[in-house]
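Coordinate analysis (summary)
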Amino acid sequence: MRLLLLWVLNALALLAVTYLLPTIHVTGFIWALVAAVVLGLLNTLVKPILVILTLPITILTLGLFYLVLNGFMFWLASAFLPGFQVDGAWAAILGGLLYSVIAWALSLLVPGK
């Protein structure tokens, strides 16, 4: 039950990002749910590999490259989904950052195990 609630909250976080940034578009709540699943899968399967591969540049930039990597994951999810669109690199970086913060804040509302 907790997983389903977090999934819906992540979709709501994605919709909140689309209202805050005019350069990110989601065509509806169903596409937001699908995008939340795709973002979760990419962050679980692909992101750890990219974090390890880009560790030297992340250390060199004192962790700021992690924001670029987060934006890349956001853009990559939009590349797979026709109902989710990101208009540019800066929009992806800012959208990824906002999505992370909003999803984290909403996940605090869900009681722990």
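Just above, that's the structure.
Read on for an overview of the structure.

Calculation criteria
- Residues numbered from 1 in each chain as written.
- Predicted model: local features only at pLDDT ≥ 70, side-chain atom pairs only at ≥ 80, totals over all residues.
- Heavy atoms only, no water.
- Helix = DSSP H or I, 4+ residues; strand = E, 2+ residues; numbered from the N terminus.
- Rg over C-alpha atoms; globule rule 2.2 N^0.38 Å.
- Buried < 20%, exposed > 50% of the residue type's maximum accessible area, 1.4 Å probe, protein only.
- Contact = heavy atoms within 4.5 Å.
- Areas by Shrake-Rupley, 256 points an atom, 1.4 Å probe, with all protein chains shown as cover.
- Core = buried A, V, L, I, M, F, W, Y, C linked by side-chain atoms within 4.5 Å.

What follows is about the overall build of the protein. Within the protein one finds 6 helices and 2 strands. Since a compact globule built from 113 residues should have a radius of gyration of about 13 Å, the 14 Å found for the protein is in line with a globular shape. Here the C-alpha coordinates of the protein stretch approximately 40 × 35 × 20 Å along the principal axes. Residue burial in the protein is summarised as follows: out of 113 residues, 35% are buried. Long-range contacts, defined here as pairs at least 24 residues apart, represent 66% of the contacts in the protein between residues at least 6 apart. For the protein, the exposed area adds up to about 6900 Å²; of that, 80% sits on carbon and sulfur atoms.

Before going further, it helps to examine unusual backbone geometry. What you tend to see is this: most non-glycine residues have negative phi, and most peptide bonds are trans. At L62, a residue that is not glycine, the phi angle is positive and equals roughly 60°. Note on placement: L62 falls in the loop between α4 (55-60) and α5 (65-80). Looking at L62, the relative accessible area reads 77%, which means it is exposed.

Here the focus is the nonpolar core. Within the largest apolar cluster, 27 residues are counted, with the highest numbers of intra-cluster contacts made by L14, V17, I24, F74, F84, V86 and Y99. When contributions to this core are tallied by element, the ones reaching two or more residues are α1 (2-20), β1 (24-26), α2 (29-45), α5, β2 (84-86) and α6 (89-107). Counting residues per element, this core draws most heavily on α2, which supplies 7 residues. When sequence neighbours within four positions are dropped, the list of residues in contact with Y99 reads N10, A13, L14, V17, A36, L39 and F74.

Below, the discussion takes up the environment of L97. Its location among the elements puts L97 in helix α6. Residue classification places L97 among the partly exposed positions, given a relative accessible area of 36%. Each C-alpha atom of the pair L97 and V68 lies 9.3 Å from the other, and the pair is 29 residues apart in sequence. Residues in contact with L97, not counting those within four places in the same chain, are L67 and N70.

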